Amino acid sequence: MTVIAVFNQKGGVGKTTLSANLAATLAQNGIAPLVIDLDPQAHLTATWGLNPRASQSIYRFYQGTSPLTDLIQTSGPGIHFIPSHLELARVDSQLVRHRDHIWRLKLALEAEMLAGSGTPIIIDCSPMLGILSFSALLAADLILIPVAAEFLALNGACMLERTLFGLEKFDRRRERRYIVNRYQDGNPTHEKVRAQLEKHFPRELLRTIIHESNDIMAAVGDNLDVFRYAPDSSASTDFSFLLDELIEKNLIGIEE
Ligand SMILES: Nc1ncnc2c1ncn2[C@@H]1O[C@H](COP(=O)(O)OP(=O)(O)OP(=O)(O)O)[C@@H](O)[C@H]1O
Ligand SMILES: [Mg+2]
């Protein structure tokens, strides 16, 4: 698997946190991923301390005036990325006029030989299900879905399954994996929610858990990932376990 779309229609569940820290984990292991911020909120871009012009962002690609490769920047820890901009929200409002836009990202990743090159590509999606998220889901080999350890998580996951099932009208089924985020050991609600998810999605639920962590929250405030903010923290251990599990299950493509 090469292209990973980090998606959940529910807001604030940890998509951006997961994208940033999975990318950092790869970089930590000497693998330079390509990360695409596909959310007009541009939170991931801001996490990297950037405030690019619209013309330097993925918006230009959707305008049809730039290939993806011309928009790639490189950050300190060796992560290649394409930033986002608020103007990108315009793309999501054009679904009726530009239905074919949903294929644009997949086709470009292939044509520009980014997909399948051995470089993992991580796409941080917005919580909106418009052109942008559709493009990411159709471009993806794997859909990685963070779920918060809270009541109704199972409801949300079942709704999401229906959405993803709808996507199969357009193209083949995508592999998907759920990961529980903001988990607190010993919290009976969290334990119950995880057990429910495990029962309903025995194959799709990852065994890695991302725990609630002050380091994760504080790292964002300093425009850092957990490895640079708190390399010996339990949060960095969680993300290392995640990468190990993805590699072990052959869910992430890494150049030998
Ligand atoms: N494991 C965690 N421990 C502590 N805080 C967390 C954790 N995961 C996420 N957060 C915090 O929760 C908030 C929302 O996370 P994040 O921005 O990653 O969610 P999101 O799904 O990308 O949101 P949106 O749907 O708006 O794009 C952030 O303040 C983030 O720092
Ligand atoms: Mg986000």
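Preceding this paragraph is the structure being described.
First, a word on scope: everything that follows refers to the structure included in this document. These numbers come from a predicted model, not from an experiment.

Some details on the site of ligand 1
At step 1: Not every one of the 18 residues close to ligand 1 is listed here, only the nearest: Lys 15, Thr 16, Thr 17, Asn 181 and Arg 182.
At step 2: Note that an oxygen atom of ligand 1 is positioned 3.0 Å from one of the backbone N or O atoms of Gly 12.
At step 3: For ligand 1, an oxygen atom lies 2.8 Å from a polar atom in the side chain of Lys 15.
At step 4: Summarising the interface, the protein chains cover 84% of the accessible area of ligand 1, which totals 630 Å² for the free molecule.

A look at unusual backbone geometry
At step 1: The residue Arg 182 is not glycine, and still its phi comes out positive at about 60°.
At step 2: Inspection of the secondary structure assignment puts Arg 182 in strand β7 (residues 175-183).
At step 3: Among the residues examined, Arg 182 registers a relative accessible area of 35% and is labelled partly exposed.
At step 4: One non-glycine residue, Asn 250, lies in the positive phi region at around 60°.
At step 5: The topology assignment puts Asn 250 in the segment after α11 (234-248).
At step 6: Looking at Asn 250, the relative accessible area reads 58%, which means it is exposed.

Re the pairing of strand β6 (residues 142-148)
At step 1: With seven of its seven residues buried, β6 lies for the most part within the structure.
At step 2: The alternating pattern of β6 places Leu 142, Leu 144, Pro 146 and Ala 148 on one face and Ile 143, Ile 145 and Val 147 on the opposite face, and all of these are buried.
At step 3: Relative to β6, strand β1 (residues 3-6) is paired through three bridges, and the arrangement is parallel. Bridging from a neighbouring strand, Ala 5 pairs with Ile 143 of β6.
At step 4: Where β6 and β7 come together, seven bridges link them in parallel fashion. Bridge assignment links Pro 146 to a residue of β7, and that residue is Ile 179.

Thoughts on the side chain of Asp 39
At step 1: Of note, Asp 39 is situated in the loop between β2 (34-38) and α2 (43-47).
At step 2: No salt bridge is formed by the buried Asp 39, whose closest oppositely charged neighbour, Lys 15, lies at an N-O distance of 6.7 Å.
At step 3: Engagement of the side chain of Asp 39 in a polar contact is seen with the side chain of Gln 41, the distance being 2.8 Å.
At step 4: Discounting chain neighbours no more than four positions away, the residues touching Asp 39 are Ser 84, Leu 88, Asp 124, Cys 125, Ser 126 and Pro 127.

Here we look at the packing of helix α1 (residues 15-28) against α11
At step 1: For the pair α1 and α11, the least separation of the axes is 9 Å and the interaxial angle reads 75°. In terms of orientation, α1 lies roughly perpendicular with respect to α11. Of the residues in α11, those in contact with Thr 17, Leu 18, Asn 21, Leu 22, Thr 25 and Leu 26 of α1 are Phe 239, Ser 240, Leu 242, Leu 243 and Leu 246.

A word on the layout of surface pockets
Empty pockets left among the atoms are what a rolling probe the size of a water molecule brings to light.
At step 1: By volume, the largest pocket amounts to about 540 Å³.
At step 2: In terms of lining residues, the largest pocket is bounded by 27 residues, among which Gly 12, Gly 14, Lys 15, Thr 16 and Thr 17 are the most central.
At step 3: Contributions of two or more residues to the lining of the largest pocket are made by α1, α2, β7 and α9 (214-221).
At step 4: Ranked by residues supplied to the lining of the largest pocket, first place goes to α1 with five residues.
At step 5: The residue makeup of the lining of the largest pocket, split by class, is nine nonpolar, 13 polar and five charged.

Considering the side chain of Thr 208
At step 1: Following the sequence through the fold, Thr 208 ends up in strand β8 (residues 205-211).
At step 2: We classify Thr 208 as buried; its relative accessible area is 6%.
At step 3: Within polar-contact distance, the side chain of Thr 208 engages the side chain of Glu 245 at 2.6 Å.
At step 4: Those residues in contact with Thr 208 that lie beyond four places of it in its chain are Ile 179, Val 180, Asp 238, Phe 241, Leu 242 and Glu 245.

A short note on the pattern of salt bridges
At step 1: Within this structure, the stated rule accounts for 14 salt bridges.
At step 2: We note a salt bridge from Arg 173 to Glu 168, for which the minimum N-O separation is 3.9 Å.
At step 3: Note on Arg 173: relative accessible area 41%, which makes it partly exposed.
At step 4: When the shortest N-O distance is used, the salt bridge between Glu 175 and Arg 203 registers 3.1 Å. Of the two residues, Glu 175 is situated in strand β7 and Arg 203 in the loop between α8 (188-200) and β8; the sequence distance between them amounts to 28 residues.
At step 5: Beyond isolated ion pairs, a larger network of salt bridges with shared partners links Glu 161, Glu 168, Arg 173 and Arg 176.

Rules used in this analysis
- Residues numbered from 1 in each chain as written.
- Chains lettered and ligands numbered in written order.
- Predicted model: local features only at pLDDT ≥ 70, side-chain atom pairs only at ≥ 80, totals over all residues.
- Heavy atoms only, no water.
- Near = heavy atom within 4 Å.
- Polar contact = N/O pair within 3.5 Å; in protein donor to acceptor, adjacent residues only side chain to side chain.
- Areas by Shrake-Rupley, 256 points an atom, 1.4 Å probe, with all protein chains shown as cover.
- Helix = DSSP H or I, 4+ residues; strand = E, 2+ residues; numbered from the N terminus.
- Buried < 20%, exposed > 50% of the residue type's maximum accessible area, 1.4 Å probe, protein only.
- Pairing = 2+ DSSP bridges.
- Lys, Arg positive; Asp, Glu negative; His and termini not counted.
- Salt bridge = Lys/Arg side-chain N within 4 Å of Asp/Glu carboxyl O.
- Contact = heavy atoms within 4.5 Å.
- Axes fitted to C-alpha atoms, helices over the stretch in contact; angles between N-to-C directions.
- Parallel < 35°, antiparallel > 145°, perpendicular 65-115°, else oblique.
- 1 Å grid on protein atoms, 1.4 Å probe; cavity = no way out; pocket = protein on both sides within 12 Å on 5 of 7 lines; lining within 4 Å.
- Points joined across faces, edges and corners; volume = space filled by probe spheres on them.
- Nonpolar A, V, L, I, M, F, W, Y, C, P; charged D, E, K, R; others polar.

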